[in-house]
Amino acid sequence: MPTQQTADASTPSPAVTRKLPRAAALLARFRSVRAATMHFAEPLTPEDMMVQSSAEASPVKWHLAHTSWFFETFVLAEFIANYQPFNPEFRWLFNSYYMALGEMPEKKLRASFSRPPLDQILAYRCHVDAAIARLLEQTPEDEALRRITLGLEHEHQHLELAATDIKHAFFTNPLHPIYRPSAPAPDPEAQHTISPPLEWVAFTPTSPLGAGVVEVGVTPDPASLDAFAFDNETPRHPVYIAPFRLASRPVTCAEYLAFMDENGYERPELWLSEGWDTMRSEGWQAPLYWRRDTNTPSGWSVFTLQGFRPLGELSETPVCHLSFFEADAFARWAGRRLPTEFEWEFAATTLAVSSDRAGKATAFEGQGGAAGPEGAGGFSPLNNPAQQAGFSPGAANLLDSNHLHPRRASPTADTPQQLFGDVWEWTQSPYTGYPGYKPLPGALGEYNGKFMSSQMVLRGGSCVTPATHIRATYRNFFPPSTRWQFSGLRLARDGAS
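A quick note: this is a predicted structure, and the numbers were derived from the prediction, not measured.

Looking now at the sheet that holds strand S9 (residues 307-310). The antiparallel open sheet is built from three strands, whose spatial order is S7-S8-S9. The sheet is open, and its two borders are formed by strand S7 (290-292) and S9, each paired with just one other strand. Each strand of the sheet is rotated relative to its neighbour by a mean of 35 degrees, with strand direction disregarded.

Scanning the entire structure with this criterion turns up zero disulfides. Cys463 takes part in no disulfide bond, and the closest cysteine sulfur to it belongs to Cys320, at a distance of 6.5 Å.

To continue, consider the pairing of strand S8 (residues 300-304). Counted residue by residue, S8 has five buried out of five residues, so it is predominantly covered. By the alternation rule, side chains of S8 split into Trp300, Val302 and Thr304 and Ser301 and Phe303, which are all buried. In this sheet, S9 lies alongside S8 in antiparallel orientation, the contact comprising four bridges. The residue of S9 that forms the bridge with Phe303 is Phe308. The loop that links S8 with its antiparallel partner S9 comprises two residues.

Another point: the sheet that holds strand S11 (residues 424-430). Spatially, S13-S12-S11-S14 is the arrangement adopted by the four strands of the open sheet, whose pairing is mixed. The sheet terminates laterally at strand S13 (476-478) and strand S14 (487-488), the two strands that pair on one side only. For S11 and S14, the ladder comprises two bridges, and the chain directions are parallel. Following the sheet pairing, Trp424 is matched in S14 by Ser487.

In the predicted model, the chain carries a mean pLDDT of 86, and the fraction of residues at 70 or more is 85%. Counting interchain partners and residues more than four positions distant, the pLDDT-below-50 stretch residues 1-11 has 25 contacts. Here residues 354-393 is modelled with pLDDT under 50, and outside its nearest four sequence neighbours on either side it reaches 110 contacts, counting other chains as well.

This part covers the side chain of Arg475. Mapped onto the elements, Arg475 comes out in the loop between strand S12 (456-459) and S13. Judged by relative accessible area, which is 3%, Arg475 ranks as buried. Side-chain polar atoms of Arg475 contact the backbone oxygen of Asn232, separated by 2.9 Å. Those residues within four positions of Arg475 in sequence are excluded, and the remaining contacts are Asn232, Glu233, Glu341, Pro430, Tyr431, Thr432, Tyr434, Val457, Leu458 and Arg459.

A word on helix H6 (residues 253-261). Among the residues of H6, those classed as buried are Cys253, Tyr256, Leu257, Phe259 and Met260. Around the axis of H6, the buried residues are gathered within 155 degrees of arc, so they sit on the same side. Against the buried residues of H6 lie S7, S8, helix H8 (311-314) and helix H9 (324-333).

Here is what the cut-offs are and how they apply
Residues numbered from 1 in each chain as written. Predicted model: local features only at pLDDT ≥ 70, side-chain atom pairs only at ≥ 80, totals over all residues. Heavy atoms only, no water. Pairing = 2+ DSSP bridges. Helix = DSSP H or I, 4+ residues; strand = E, 2+ residues; numbered from the N terminus. Axes fitted to C-alpha atoms, helices over the stretch in contact; angles between N-to-C directions. Disulfide = S-S within 2.5 Å. Buried < 20%, exposed > 50% of the residue type's maximum accessible area, 1.4 Å probe, protein only. pLDDT = per-residue confidence, 0-100. Contact = heavy atoms within 4.5 Å. Polar contact = N/O pair within 3.5 Å; in protein donor to acceptor, adjacent residues only side chain to side chain. Arc of directions from axis to C-beta.

Encoded structure:
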């Protein structure tokens, strides 16, 4: 059980003094992440923030409250003696799924929370922010710092969910409002640029463990507070990966339209049984947010966070808002397959290490996720400052770029490209625990582990993923019918020749 603390005006010890810069840096990051969430909410009205347009989505107002609840429940209440909660009712009202903490309202009822009003939710955020600041200005335990770091990653997840949820809410609104009219306008010249041809990048995994045997995942240093991974990324372990080829870029809207034009939604031989049944029962005929439009040359328009755009303007961008079933059916139609999550991770970590010395990549023989200059850990490339060799996060289309939609591949970039950002990429891997996986103790053990059933793994982040939130080992997961996320696909094939 974490010990609790109160303010102490005594002179800090040398060990405590060494902690102060770390706590100050974490406080600066805390303020930055919390501000990013509020910045995203700025264009929204209080009415916008009440909408819950599907059972899998949540109102933005609820996201604002729940992320504060996380810090209050798992940090403030456990590490500050006699902590006074903002409102004791919030402990159960804004619980999401932590059954060990007691009951909670049904998720589908979140849109009915007209009270507490938005101004009280914002006051709640301020209350929590001030309490976290006071805690970090003291001499918090290492475990408190770890919990705050986890809370920041949790907030990043909900920032991304807020973007996907409000997009779905605006799409279901008959007026189809625009989220951010001030977003950068499309480049007129880029609209006529064709994506580079799809090429195949060969990978022949090898390591000191043997041909094809490489290590994936993370085994964090328990003494380190400077790098982060979720428990479902652990432990680092060996896997066998046969030689494979990975597509140089994700599948585009134009390529997916060809699948549709060849009756892809009407050919049962392309679909998994559950996928066929789901597609038929849901009436899918195209990716989510595609709408038939006779006023466009393609016959389709696509809804984005900047409103509807003709498919012709987006035809060379990665197709998104696909279910796993649709991604898998397209791969079968193309005579290819989806990559495994371990193939994807191996390619991403190898690229991160090798791109600064390989020029335009055509083939790699790498040592299994030897990520970064110290050669192990798998955190690369984005949110571990010590392991960013050969990778430029500025080149990735993530939330911080403010494009809010996938962009076309570059004709001059090294390949494979767009592994990070643009669209989450479905893999063929089911979401299960790694060998030796142990969830976090207590209620936090419900964060990831209890969802290891009937879910598929996605990798790489999307155009609404915060830049410091993604890394090569990050495992996202959703049920295979999920479409409201910015999810697309990259093809793979067997063999390196």
